[in-house]
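# Survey of secondary and tertiary structure
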Amino acid sequence: MSKKSTQQSPKPSWAELRQQYRRFVQYVSPDRRYFALDIVSIVVAVLTNTAMIWLMGRPLSMIQSGEYEALFGVLSLFAGVLFVNQASQMGGGWLTNWLGLRFIGRVRNAIISRLLSLSFPVAGQVPRGDLLARLSNDVNRVSAILVEARLMLVSHLLTLSLYIAMLFWIDVRLALIALATVPLFVLHQRFFSERKRRATEGFLKTNGELLAFEEQGLANLRGVSANAAESQVTTMHQNVFAKACRWAVRERGLEVAFGVSFTVLIYLVGVLIVLLGVDGVRGGSLPVGLLVSFLLYLGYLTVPVRGLADIAFQYAGNVPAAQRIIEVMDAQPAVVDTQAAALVVEKGRIDIEGLSFAYPGAPNVLHNAQVTIQGGETVALVGPSGSGKSTLATLLLRFYDPQQGRILIDGQDLCEVSILSVRQNMAVVWQEPFVLNDTIHANLLMAKPDASEAQIIEACKRSHAWEFIDALPGKLDSLLGAGGTELSGGQKQRLAITQAFLRDAPILILDEASSALDSQSEQVIVQALDELRANRTTLLIAHRYSSIRSADRVVYFEGDGSLSVGRHEELMANHPSYREAVEWQTAEGE
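The structure contained in this document is the topic of the report that follows. Predicted model only: the values in this text are computed from it and were never measured.

The rules behind the values
Residues numbered from 1 in each chain as written. Predicted model: local features only at pLDDT ≥ 70, side-chain atom pairs only at ≥ 80, totals over all residues. Heavy atoms only, no water. Pairing = 2+ DSSP bridges. Helix = DSSP H or I, 4+ residues; strand = E, 2+ residues; numbered from the N terminus. Expected span 1.5 Å × (residues − 1). Buried < 20%, exposed > 50% of the residue type's maximum accessible area, 1.4 Å probe, protein only. Patch = residues over 30% accessible without salt bridge, like charges linked within 9 Å, V, L, I, M, F, W, Y side chains within 5 Å. Areas by Shrake-Rupley, 256 points an atom, 1.4 Å probe, with all protein chains shown as cover. Salt bridge = Lys/Arg side-chain N within 4 Å of Asp/Glu carboxyl O. Axes fitted to C-alpha atoms, helices over the stretch in contact; angles between N-to-C directions. Contact = heavy atoms within 4.5 Å.

### A short note on the pairing of strand β4 (residues 404–409)
- Summarising the sheet, strand β1 (residues 350–358) and β4 pair through 5 bridges and their orientation is antiparallel. Counted as the bridge partner of Ile350 is Ile409 from β4.
- Note: β4 against strand β5 (residues 412–413), 2 bridges, orientation antiparallel. Across the sheet, residue Leu408 finds its bridge partner in β5, namely Asp413.
- The hairpin turn running from β4 into β5, its antiparallel successor, is 2 residues long, and Asp410 in that turn takes a positive phi close to 50 degrees.

So, in structure tokens, the structure goes:
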């Protein structure tokens, strides 16, 4: 899945359009029975509409011929048909909306599921705001084609057939004249459809950029305010919005121009039919009631004709939305899971042998790295920013696989075991904890879905999280808010440590969870982490050298892809770069 290009795609053929939309049929298929029921309501509505138009002209002919006694019966029949018509339209409309929501739900769930299976390295290539645009706006556009348009196609084709049949039944000559204008409407639709597709593609891309900018701005309010950059960010937002607005105006303008010009063509054809029909009434060959019915059928014929033209218009115009969703669904994960044997961890020994890794399009972060970490050992990973500390953690979790070398846990190559089993044997406490906008209980269950309340409370006490949870009115059922806004940084860290206690994995990765906390919160977190590390192989990603004192050994990332390994005292004595970095940071701290 690549970032969006500003270059527009070539015009697809109708076969290519069908192929794009056919990818979504699987999300419609489970509701076949309900679609059939909706079609029944459509057939009833169209048949009753056809009867109503006939019945509307019939009283005029009866009055013209003096059949006043039969008027009441015709009007009563009209009322009954009207009731059936409105009931079928109401039921069909509700069913169509319900089917649309079910389709949208399935597609959005499939996108989320795919993004989660891709994991962050691939999904992160597209800004979150743009992904949200694909989940909402793009899915809604595809739903308009796969649900609403499919049902309306049945309605319009049936209506068109019945109304044309009635036109020929009333007056063949006038009907042939009306049909002779069809090529004009076809040319009209073809003129607008390709322009609509290009405008839609441009709008979807720029709207995705706009949403991504807004999401990034809202996620960094503190940084914007700290730099007094409100006016600059506001100006940048105005520029991005103006770009999206231009495409939106172009798209909407084409829709309005299409509708207005179509209506003008319809009225011109209607005027022509009236002029020719008046001659028939004047000559007595066409009763006034039949002329009225003919004109009504012709007038209402604009609904299916315009509807079919609009379906073709939207069918071509909305294909960029389908393509953007398919791009997500077809994206390939950075790591292919072989579904091989499960990883079995007994001691937790980690062997890194000849490991080399580079991110796509970048130089090596790790080069021929060699290190062995004994089971139960705590090892601090230190080094300059970008030297590969977090990269090693992502390789252990199999977010990526190395280009060369291998990582073994208790002698098992990670590339030869299932990804699920790898991650089930590891617990991670990130520097920025992941918190869902749900209850504390629901967040903790992500670590162990089958955990009992007693197990959860025990883990909360061991992590020192129960101290603040017990004081909350809802306790474990308290809502955390979006991103955990109801909690302090230290409280979120303690919840993350609680999750690690619940997971009870033999290998622990700590992304220096206490680095951004005040001294009091840090002391509580350190106590919880000390207990958590007991009897586990622990990798401590250290951003501050003061946090490595409790480590058994230190792995220093040189910055050129190589590693140096030893105890803190050994490296201080024998490794000039390590000693200089520690002394510099220590002096800075003072």
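### A look at helix α16 (residues 489–503)
- With 15 residues, α16 extends 21 Å from end C-alpha to end C-alpha; this agrees with the ideal 21 Å at 1.5 Å per step.
- Across the 15 residues of α16, 13 count as buried, placing the element largely inside the fold.
- Backbone geometry just after α16 places Asp504 at a positive phi near 50 degrees.

### With respect to a nonpolar patch on the surface
- Taken together, the side chains of Leu37, Val40, Val44, Phe83 and Val84 present a nonpolar region at the surface, about 450 Å² in accessible area.
- For the nonpolar patch, the elements supplying multiple residues, two or more each, are α2 (32–65) and α3 (71–123).
- Residue contributions to the nonpolar patch peak at 3 residues, all from α2.
- Looking at the element boundaries, Val40 is found in helix α2.
- Looking at Val40, the relative accessible area reads 47%, which means it is partly exposed.

### Thoughts on the sheet that holds strand β9 (residues 553–557)
- In spatial order, the strands read β6-β7-β8-β3-β9-β10; together these 6 strands make up an open sheet with mixed pairing. A strand with exactly one partner marks an edge of an open sheet, and here the two such strands are β6 (426–429) and β10 (563–566). Neighbour to neighbour, the strand axes of the sheet diverge by 15 degrees on average, direction disregarded.
- Lying on the sheet, α16 is in contact with β6 and β7 (507–510); it crosses β6 at an angle near 175 degrees.

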